Protein chains: 2
Amino acid sequence: MFIRLTHSVNGIMSDATVTLGITGVGHRGTSLLRNCAAMEDVRIRAVCDLQERRLDAAQHTLEEFQQPAPDRYTDHSQMVSEADLDGVIIATSWRQHIPFAIEAMEAGLWAAMDVGPASSLEECWELVQTSQETSQQCMLLENCCFRREPLSVLNMARDGVLGDLVHTECGYCHDLRPRLNATIGTSREETSIPMKNDRYYRSIHHEKRNGDLYPTHGVGPMAKCLDINQGNRFVSLSSHASKAAGLRDWGDRHLPDDHPNRDIDWSHGDIITTVLTCANGQTCTITHDVSLPRPDNSKRYCVRGTRGMWQDERDSIYIDDRGPDHEWEPAETYIDEYEHELWREYRNAGIEAGHGGSDYLVLRSFVRSIAQDVRPPIDVYDAATWMAIAPLSEDAIATGDTVAFPDFTDGNWLTDEPIFGLTGEVAEDRLSFSTLL
Amino acid sequence: MFIRLTHSVNGIMSDATVTLGITGVGHRGTSLLRNCAAMEDVRIRAVCDLQERRLDAAQHTLEEFQQPAPDRYTDHSQMVSEADLDGVIIATSWRQHIPFAIEAMEAGLWAAMDVGPASSLEECWELVQTSQETSQQCMLLENCCFRREPLSVLNMARDGVLGDLVHTECGYCHDLRPRLNATIGTSREETSIPMKNDRYYRSIHHEKRNGDLYPTHGVGPMAKCLDINQGNRFVSLSSHASKAAGLRDWGDRHLPDDHPNRDIDWSHGDIITTVLTCANGQTCTITHDVSLPRPDNSKRYCVRGTRGMWQDERDSIYIDDRGPDHEWEPAETYIDEYEHELWREYRNAGIEAGHGGSDYLVLRSFVRSIAQDVRPPIDVYDAATWMAIAPLSEDAIATGDTVAFPDFTDGNWLTDEPIFGLTGEVAEDRLSFSTLL
């Protein structure tokens, strides 16, 4: 039933085994663990979680894949300093992503973070500086960058089909009202760090923070289309929040009268609209929309160029002088024609994995980067840039001002060239990394 | 073939005849003229245009409707001071809308302006002050406020079906590249004021200005949902422009090598994204999008509340605890159920008119307001507020800053109550207007 994969996507088949640890094996960490456990050239040597029952479950999962029992840790610092690992996957609650990645790099390991927001601008800088000082890489596991549709559109953009890129839109639009009001045990995503009132860990962010708390699913694929940090960069950010009315209204209708969440004074605006401007003249609009009714889970991707547009919500594409005059065409026509090599290989391999394959591909990218000792295609500069949108939007909302966007690359964006999705043309890394294998 | 209408919508059938003049009888003015000519209780007594052939055409149109020949003018000031009129409809090019409305009010007439942007914030203030000083009303002919779908959604919002309103989106998204590059005679909308290179008159706005040049089609219906100027108001505006690449790219592909437009250095960003915040905590996002390829003409209406949402681009509505669980429903289900009384009457009357009936309804509203001597439902404060978005967005884009939104009502928004669309409950006007009939 659980067969270790003997193939690999992207033409890379390392003889060496990449040894990984995973910190945080809740719902998300377990999913990532399963993906890795199925890879023949990966060995999960250590797992870390605060809860013993989760460690039991992780060990059981590895046994299903005929993998040896992992070393078990309840302390991330101890794991990264003791275990013999090449890299660590961090799938904890949001606040630990960057601190744990920093600890991993300081211990001489590569780090991969699951998606989430930064807590502050300062920790984004510290993440970048730690990578530079330790010569260790940090990758953000932004699976949406590896989704089939955005990868095809990236190919279209690079082929000039859309003309000169002018504007993009994206977001995270998903009704999370039940989850944000859930207590431990009622949500499928339980918290590893018990919070006040035993609430789902993200809930307190919505109580106390007001900004785009989940920018990377949206902005990741758009940033890659726009060559952000590699020939382009974000130069300003403006953000505005609506009032916070959705969670209280939902709670009033669905929670028992004595439920502690009914007293929460939510800070987080239901709709956060953020507009980024780019050095190359483009704009990018991001919508954060998780506490009002809506039936779907939309990323709102839209890419506009001088020759055409892709609108994901409509599943449609329009290209000047192609197809029927001034009519939408089904996106699939183009998504298929411009399918990315990664996806052709992936589909040919017949692999099934989470989130429509994007989980597999993003993890495969991390493993390949370690095995080849090359810069990952979503690197520490991307991680800092995309995650910083959260604290920057909080600042912009709090002050009402447009804020300058920091350049985490220290000017290297001027000369760096894109590497994401350019199979076989992986650029030499600008930093001199030690060989880990 | 051309039958004068003996019925009226909205239950109003005045015995008196409302006498109107029309300034600007190009494409748009002619359409408005035809609508008015078909109304039994309206007499078009004067028409004004710089071009004699247009005056000929207007006179011919009135003859078709068995109306007497109008007085003909080539000078607006002369018409409003000489002709015996109750009100004037201004359908000139954009820059004359406010100055001509001011002249009309100063001459003791009511003014109705076709849609367009203000040239400056100062002229918006002057418009408001002139109305107050002269006790004459000024209405913006924002036909989109009278479209069937937004009127139904307004009913839904007022009935609480959408819960507490939190956020709206709108825009003007229409590929105008051929028209903005057109020379006189190649565009259906010819200019009455010849511009440099005989260009379509809007073209120079795109050459020299950078802001949302056409905000009212989008923001009008959303402002009415949000009770702007009547219990709520816009408090801040933020606006960002993408680069200007679409018109040049189109010109390079479609204009002769020696065409003067090929040398234009366009200032106007292809996508302008504006975010308004409201005193009552809502946000409103406006997109201006006219110089990149797109196949449709979309207003991007979206209304979000704590109980449901309407998304016009998807033609869909979702309401908590109604319909199938977490699935979109066809908007028509609700648009029909909550159809506005104006539309029921309109459809029952079997009238056919431009822009799906909205032209008829907005003109009928102006005529009714004159006949009854009541405040029009889209008044001078609405006109100033919505038209001011153009210069305010130019300021915001030029400085990068969020700008304060002026309160044209001078605090009256705190106590004023909505009148738009509340048939039979027309509020007493706050100003003491003289009876014109």
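Above this text is the structure in question.
Here we summarise the structure given alongside this text. (Residues numbered from 1 in each chain as written. Chains lettered and ligands numbered in written order. Predicted model: local features only at pLDDT ≥ 70, side-chain atom pairs only at ≥ 80, totals over all residues. Heavy atoms only, no water.)

### Focus on the pattern of salt bridges
Right, on to step 1. This model, assessed by the stated rule, comprises 72 salt bridges over all chains.
Right, on to step 2. The residue Arg 364 of chain B makes a salt bridge to Asp 41 of chain B at a minimum N-O spacing of 2.5 Å. Pair noted here: Arg 364 of chain B is in helix 13 (residues 358–372) and Asp 41 of chain B is in the loop between helix 1 (27–37) and strand 2 (42–48), with a separation of 323 residues, a long-range link. Across the pair, Asp 41 of chain B and Arg 364 of chain B agree in class, each one buried.
Right, on to step 3. Linked by salt bridges that have partners in common, Asp 175, Arg 177, Asp 249 and Arg 253 of chain A together with Arg 307, Asp 320 and Asp 321 of chain B make up one network. (Salt bridge = Lys/Arg side-chain N within 4 Å of Asp/Glu carboxyl O. Helix = DSSP H or I, 4+ residues; strand = E, 2+ residues; numbered from the N terminus. Buried < 20%, exposed > 50% of the residue type's maximum accessible area, 1.4 Å probe, protein only.)

### Some thoughts on the relation of the copies chain B and chain A
Right, on to step 1. The two copies are related by a screw operation: chain B maps onto chain A through 180° of rotation and 0.0 Å of translation along the axis, at an RMSD of 0.0 Å. Those values place the two copies in the arrangement expected of a two-fold rotation axis. Residues of chain B ranked by C-alpha distance from the rotation axis are headed by Asp 401 of chain B, positioned 3.1 Å from it.
Right, on to step 2. A shared interface surface links the copies, since 100% of the contact residues of chain B are contact residues in chain A too. (Least-squares fit on C-alpha atoms with pLDDT ≥ 70 in both. Contact = heavy atoms within 4.5 Å.)

### Concerning helix 1 of chain B
For an α-helix, the turn length of 3.6 residues means that residues three or four places apart are oriented alike.
Right, on to step 1. Buried within helix 1 of chain B are the following residues: Arg 28, Gly 29, Leu 32, Leu 33, Asn 35, Cys 36 and Ala 37 of chain B.
Right, on to step 2. Taken together, the buried residues of helix 1 of chain B touch strand 1 (18–23), strand 2, helix 2 (52–64), strand 4 (87–90) and helix 13 of chain B.

### Some thoughts on the packing of aromatic side chains
Residue and element names in this part refer to chain A.
Right, on to step 1. If you walk through the whole model with that rule in mind, you get 20 aromatic pairs over all chains.
Right, on to step 2. Considering the side-chain rings of Trp 125 and Phe 408, the 4.6 Å spacing of their centres and the 50° angle between planes classify their relative orientation as tilted. Here the residue Trp 125 occupies a position in helix 5 (residues 121–134), and Phe 408 occupies one in the segment after strand 16 (403–404), the gap between them amounting to 283 residues.
Right, on to step 3. Relative to Phe 405, the ring of Phe 234 lies with its centre 5.4 Å away and its plane at 55°, an arrangement referred to as tilted. Of this pair, Phe 234 sits in strand 8 (residues 234–241) while Phe 405 sits in the segment after strand 16, placing them 171 residues apart in sequence.
Right, on to step 4. For Phe 234, a relative accessible area of 1% gives the class buried.
Right, on to step 5. With relative accessibility at 4%, the residue Phe 405 sits in the buried group.
Right, on to step 6. Put simply, the rings of Trp 94, Tyr 172, Tyr 200, Tyr 201 and Tyr 214 pair up and form one aromatic cluster. (Phe/Tyr/Trp six-rings, centres within 6.5 Å; stacked < 30°, edge-to-face > 60°.)

### Digging into the interface of chain B and chain A
Right, on to step 1. Listed per partner, the contact involves 50 residues of chain B and 50 residues of chain A.
Right, on to step 2. Buried surface at the junction of chain B and chain A, both sides included, amounts to about 4,300 Å², of which 48% is carbon and sulfur.
Right, on to step 3. Together, Lys 243, Pro 293 and Pro 295 of chain B form the three largest contributors to the area buried by chain B at its contact with chain A, with a combined 15%.
Right, on to step 4. Counting every contact that joins chain B to chain A gives 18 salt bridges.
Right, on to step 5. Of the charged contacts, one joins Arg 253 of chain B and Asp 321 of chain A as a salt bridge, the two residues approaching to 3.4 Å between their closest N and O atoms.
Right, on to step 6. The interface formed by chain B and chain A contains 29 residue pairs in polar contact (both at pLDDT 80 or more).
Right, on to step 7. If you list the elements that add at least two residues to the side of chain B that touches chain A, you get strand 7 (165–173), strand 8 (234–241), helix 10 (246–254), strand 9 (271–278), strand 10 (283–289), strand 11 (302–305) and strand 12 (308–311) of chain B. (Buried area = accessible area lost by both parts, 1.4 Å probe. Polar contact = N/O pair within 3.5 Å; in protein donor to acceptor, adjacent residues only side chain to side chain.)

### Regarding the sheet that holds strand 9 of chain B
Residue and element names in this part refer to chain B.
Right, on to step 1. With respect to topology, nine strands assemble into an open sheet ordered 14-13-12-11-7-10-9-8-15, the strand pairing being mixed. Each of the sheet's edge strands pairs with one partner strand only, and the pair in question is strand 14 (329–330) and strand 15 (403–404).
Right, on to step 2. Pairing geometry for strand 13 (residues 316–319) and strand 14, over two bridges, is antiparallel. Across the sheet, Ser 316 pairs through a bridge with Pro 330, a residue of strand 14. (Pairing = 2+ DSSP bridges.)

### A closer look at the sheet that holds strand 3 (residues 71–73) of chain A
All names here are of chain A.
Right, on to step 1. Sheet architecture is open: six strands sit in the order 3-2-1-4-5-6, paired in parallel fashion. Where the open sheet ends on each side, the last strands, each with one partner, are strand 3 and strand 6 (138–140). Direction aside, the axes of adjacent strands within the sheet are offset by 25° on average.
Right, on to step 2. Pairing of strand 2 (residues 42–48) with strand 3, which is carried by three bridges, proceeds in the parallel orientation. Bridge pairing links Val 47 to Arg 72 in strand 3.
Right, on to step 3. Sheet strands in contact with helix 2 (residues 52–64) are strand 2 and strand 3, and its direction is about 160° off that of strand 3. (Axes fitted to C-alpha atoms, helices over the stretch in contact; angles between N-to-C directions.)

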